[in-house]
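Here are the chains, one letter per residue:
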Amino acid sequence: MKKIHIYLTTLLIGATLSNCGSDDKTIDGILENVTSGAVLRTRNITNNMSYNDVEKKFDTGSDYTLVIEEQDAEGGKLLESVEIFAGFVEKTRKDTNNDGTIDDKDDDLSASEALIKTLTPADFSTGSRDLPETTISFTAEELIAFTKVDESLIEGRDEFSLSFTINLTDGRSFTAADANGNVSGGSYFSSPYQYRTPIKCTITESLADTYAYTITELTSAPGGRSNCPSAPLTGEVTWSATDTPGKLTTSDISFGQFEKCYVDTFSKITPTGVAIVWECIDLTADGSIKVTEEATGKSDEFTYTYTIKEVDGSDMTIEFSNSAGDRGTVIITRPDSKIWPTIFNRS
């Protein structure tokens, strides 16, 4: 059987492929003149899978949708069927037997893939490129029922898995094993034959508020003109809501670092798209700040990384650092004794 990687090697030798993303007609011409198998080209993916860890169930409307295009040596005429297999992958496994490691002895919700659906040529229509194209959609309810996974035990960041087998009228079949990296992940073909549907975490409450913070450690980057006072350092930071759930603007991504930890005086500290993004068990520092020294006029731009180390009631301990090498540890306290969402305790 001539597998798909045979003709891809031929394609990669030619310089034509370097511009394949912008010249579909050239690629089509090559495919017409070589012996080839078939691919399922990914045209679009929409992932609406969102799990509410408070209610222990998926949000209404949670689904995963794929638009795929079948491509073979005869413009789709060789297509006989496409088999779709579904499973579940637990990405949030715990050390359930408390032996210090996560291994085969611990509980695992994962479910092996099995055939969930078979498509025939009647399930395809002619797409914009005159090739068979179809839209495939699965709801969370359908995948739960099929895999028999206990919905109440799922967590955000777990995944459903989908795999495809394409069968041709000449008796040949193609799966992920028949496609090299240029087919499965290439900019033109994008035909992995298998997909993971990462489950997002529902934003269960707003974190917009003004927080008191205490810096327990603050160290300037190597070579920096450091003048860090002895910890602890205190202050306030305000996170404000945006139109995107879980995304918050922040009044100070650095927790006063430049005002409190340097000999130099700064004439301007300019944020660029600075935000805090709540994603499941993580708080991500997004955007950057541009800092200008008053004496020299020299400017530098920094991005930040946050790592949650501990959550205890109203207190969250975060290790933070920037792209220059400055780093510190800060405790952020929610006002009015409000506790942090329980999902952060999974970190």
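Reading the values: rules and limits
- Within each chain, residue numbers correspond to sequence positions counted from 1 in written order.
- Local features in this predicted model are restricted to residues whose pLDDT is 70 or higher, and side-chain atom pairs enter the listing and the counts only when it is 80 or higher, whereas totals over whole chains, interfaces and linings include all residues.
- Hydrogen atoms and water are omitted, and side-chain values are computed over all heavy atoms in the structure.
- Any two strands with at least two DSSP bridges between them are considered paired.
- Strands are runs of DSSP state E lasting at least two residues, helices are runs of H or I lasting at least four, and both sets are numbered from the N terminus onward.
- Pairing of aromatic side chains here covers Phe, Tyr and the six-membered ring of Trp, requires ring centres within 6.5 Å, and sorts the geometry by plane angle: under 30 degrees stacked, over 60 edge-to-face, intermediate tilted.
- Classification of residues uses two cut-offs on accessible area relative to the type maximum, computed with a 1.4 Å probe and protein chains only: under 20% is buried, over 50% is exposed, and between them is partly exposed.
- Nitrogen and oxygen atoms within 3.5 Å of one another constitute a polar contact, given that in protein one can donate a hydrogen and the other can accept it, and given that sequence-neighbouring residues count only through two side-chain atoms.
- The contact criterion used throughout is that any non-hydrogen atoms of two residues lie within 4.5 Å.
- Confidence of the prediction at every residue is given by pLDDT, a number between 0 and 100.
- What we call a nonpolar core is a set of buried Ala, Val, Leu, Ile, Met, Phe, Trp, Tyr and Cys residues that are connected through their side-chain atoms within 4.5 Å.
- What the arc covers is the set of directions going from the helix axis to the C-beta atoms.

Our focus in this paragraph is the sheet that holds strand β2 (residues 50-52). The 3 strands are arranged β3-β2-β12 in an open sheet whose pairing can be described as mixed. Each of the sheet's edge strands pairs with one partner strand only, and the pair in question is β3 (57-58) and β12 (200-201). With 2 bridges joining them, β2 and β12 adopt parallel strand pairing. Directly across from Ser50, in β12, lies its bridge partner Lys200.

Turning our eyes to something else, we now look at the packing of aromatic side chains. Counted under the stated rule, the structure contains 12 aromatic pairs. Relative to Tyr195, the ring of Phe164 lies with its centre 5.6 Å away and its plane at 80°, an arrangement referred to as edge-to-face. Taken together, the residues span a long stretch of sequence, with Phe164 in strand β9 (residues 159-168) and Tyr195 in strand β11 (residues 194-198) at a distance of 31 residues. Across the pair, exposure class does not vary: Phe164 and Tyr195 are buried alike. Aromatic rings pair up to connect Tyr211, Trp239, Trp278, Trp340 and Phe344 into one cluster.

Further remarks concern the side chain of Asp209. For Asp209, the location among the structural elements is in strand β13 (residues 209-219). Among the polar contacts made by the side chain of Asp209, one reaches the side chain of Lys338 at a distance of 2.6 Å. Ignoring sequence-local partners within four residues, the contact set of Asp209 consists of Val237, Thr238, Trp239, Pro335 and Lys338.

A separate point is unusual backbone geometry. In this structure, Lys56 is a non-glycine residue whose phi angle is positive, near 60°. The topology assignment puts Lys56 in the loop between β2 and β3. A relative accessible area of 42% means that Lys56 is categorised as partly exposed. For Ser337, which is not a glycine, the phi torsion comes out positive at approximately 60°.

Interpretation of the predicted coordinates at a detailed level should be avoided for regions scoring low in pLDDT. Mean pLDDT for the protein chain: 82, with 80% of residues reaching 70 or above. pLDDT under 50 marks residues 1-23. Its contacts with residues more than four places away, or in other chains, come to 39 contacts. Overall, residues 180-189 carries pLDDT values under 50, and its contacts beyond four positions in sequence, including any with other chains, amount to 29 contacts.

With that out of the way, let us pick up the nonpolar core. Ranked by size, the top nonpolar core spans 35 residues in total, and within it Trp239, Leu283 and Phe344 carry the most contacts. Mapped onto this core, the elements with two or more residues apiece are β13, β14 (233-241), β16 (266-279), β17 (282-293), β18 (299-312), β19 (315-322) and β20 (327-333). At 5 residues, β18 tops the list of elements feeding residues into this core. Residues within four places of Phe344 in sequence aside, it is in contact with Leu207, Trp278, Cys280, Ile281, Asp282, Leu283, Ile308, Val311 and Met316.

Further remarks concern the environment of Ala38. Inspection of the secondary structure puts Ala38 in strand β1 (residues 38-47). You can call Ala38 buried: its relative accessible area is 0%. Here the alpha-carbon distance between Ala38 and Asn167, two residues 129 residues apart in the chain, equals 8.9 Å.

Here we take up the sheet that holds β1. Through backbone hydrogen bonds, the strands of a sheet pair up, either in parallel or in antiparallel fashion. Taken together, the 4 strands give an open sheet; going across it, the order is β1-β4-β8-β7, and neighbouring strands pair in antiparallel fashion. The sheet is open, and its two edges are formed by β1 and β7 (125-126), each paired on a single side. In terms of strand pairing, strand β4 (residues 63-72) meets strand β8 (residues 132-139) through 7 bridges, oriented antiparallel. Paired with Glu69 across the bridge in β8 is Glu133.

This part is about helix α3 (residues 140-147). Buried within α3 we find Ala140, Leu143, Ile144 and Thr147. Along the axis of α3, the buried residues cluster in a sector spanning 100°; they form a single face. Tucked into the core, α3 has its buried residues touching β3, β4, β5 (79-89), β6 (111-119), β8 and β9. A positive backbone phi angle near 65° is found at Lys148, which sits one or two residues after α3.

Within the secondary structure, Thr92 is located in the loop between β5 and β6. Polar side-chain contacts of Thr92 include one of 2.8 Å to the side chain of Asp158. Setting aside chain neighbours within four positions, we find Thr92 in contact with Glu155, Gly156, Arg157, Asp158 and Arg346.

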